[in-house]
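One letter stands for each residue in the lines below.
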Amino acid sequence: MYKCARIIATCFLPKKVVKKTLLTGDPLGFFYHSQNFTTTIDIINLLKYNIKIEENIDPGLKRDLIIVNSDVGNSQGNNFLNSLNEKEINKGKIIIYHRNNSGLSFGAFSDAFKKYRNHYDYFIFTEDDLSIIKENYFKYSTE
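A. Fine view of the nonpolar core. Among the nonpolar cores identified, the biggest contains 14 residues, and L47, L65, I67, L81, L84 and I94 are the most heavily contacted of them. Residue assignment for this core shows that the elements contributing at least two residues are α1 (40-56), β4 (63-71), α2 (75-84) and β6 (92-100). The element best represented in this core is α1, accounting for four residues. When residues no more than four places from it in sequence are discounted, the contact partners of L65 are R6, I8, I51, E54, I89, K93, I94 and I95. A5, I66, I95 and Y116 belong to the second largest nonpolar core, which has 13 residues in total.

B. Examining the pattern of salt bridges more closely. Applying the stated criterion across every chain yields a total of six salt bridges. A salt bridge links E86 to K93; its shortest N-O distance comes to 3.2 Å. For E86, a relative accessible area of 43% corresponds to the partly exposed category. The closest approach of N and O atoms between R99 and D111, which form a salt bridge, is 2.8 Å.

C. Local environment of the pairing of strand β1 (residues 4-10). For β1, the buried fraction is high: seven of the seven residues fall into the buried class. Because side chains alternate across β1, one face comprises the buried residues C4, R6, I8 and T10, and the other comprises A5, I7 and A9, equally buried. Summarising the sheet, β1 and β4 pair through seven bridges and their orientation is parallel. Paired with C4 across the two strands is R63, which belongs to β4. By the bridge criterion, six bridges tie β1 to strand β7 (residues 122-127) in an arrangement that is parallel. Within the sheet, the bridge partner assigned to A9 lies in β7 and is E127.

D. Region of interest: the sheet that holds β7. Taken together, five strands build an open sheet; the order of strands is β5-β6-β4-β1-β7 and the sheet is mixed. The open sheet is flanked by β5 (88-89) and β7, the only strands paired with a single partner. Of the strand pairs in this sheet, β5 and β6 are connected by two bridges, and their pairing is antiparallel. Note on β6: the bridge partner recorded for I89 is G92.

Thresholds, definitions, all that
- Residues numbered from 1 in each chain as written.
- Predicted model: local features only at pLDDT ≥ 70, side-chain atom pairs only at ≥ 80, totals over all residues.
- Heavy atoms only, no water.
- Core = buried A, V, L, I, M, F, W, Y, C linked by side-chain atoms within 4.5 Å.
- Buried < 20%, exposed > 50% of the residue type's maximum accessible area, 1.4 Å probe, protein only.
- Helix = DSSP H or I, 4+ residues; strand = E, 2+ residues; numbered from the N terminus.
- Contact = heavy atoms within 4.5 Å.
- Salt bridge = Lys/Arg side-chain N within 4 Å of Asp/Glu carboxyl O.
- Pairing = 2+ DSSP bridges.

In short, geometric facts, not functional conclusions.
This is the structure in structure tokens:
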């Protein structure tokens, strides 16, 4: 059976409100997406929301949820994440990985992949403000 991981990039830097998704980057893409998470509590609640979804849907395969924190020294956020480490969820567990804050989400994805690539067969990479609500989502992604 496959070993799967969903990697979620997060950071507890105050975010500014972005009302409209914009094109940015090279190559150009819709990477500067709309958001309204401006405080540590907003980000904690966002992560709680994603975890609740993961606990209540069937991903179709066993998978771990790896939350990658681009650490900015936010003790409230870091303590919250640390309280989740190794917590059992539906068909897996939560793993918390703290890293230096560089490279934004793509840096978090890259660092996590390098760290865990020999532990899992399949990965899904998402930011903390993207939720997957489809039953069997991991099973579908491996077919």
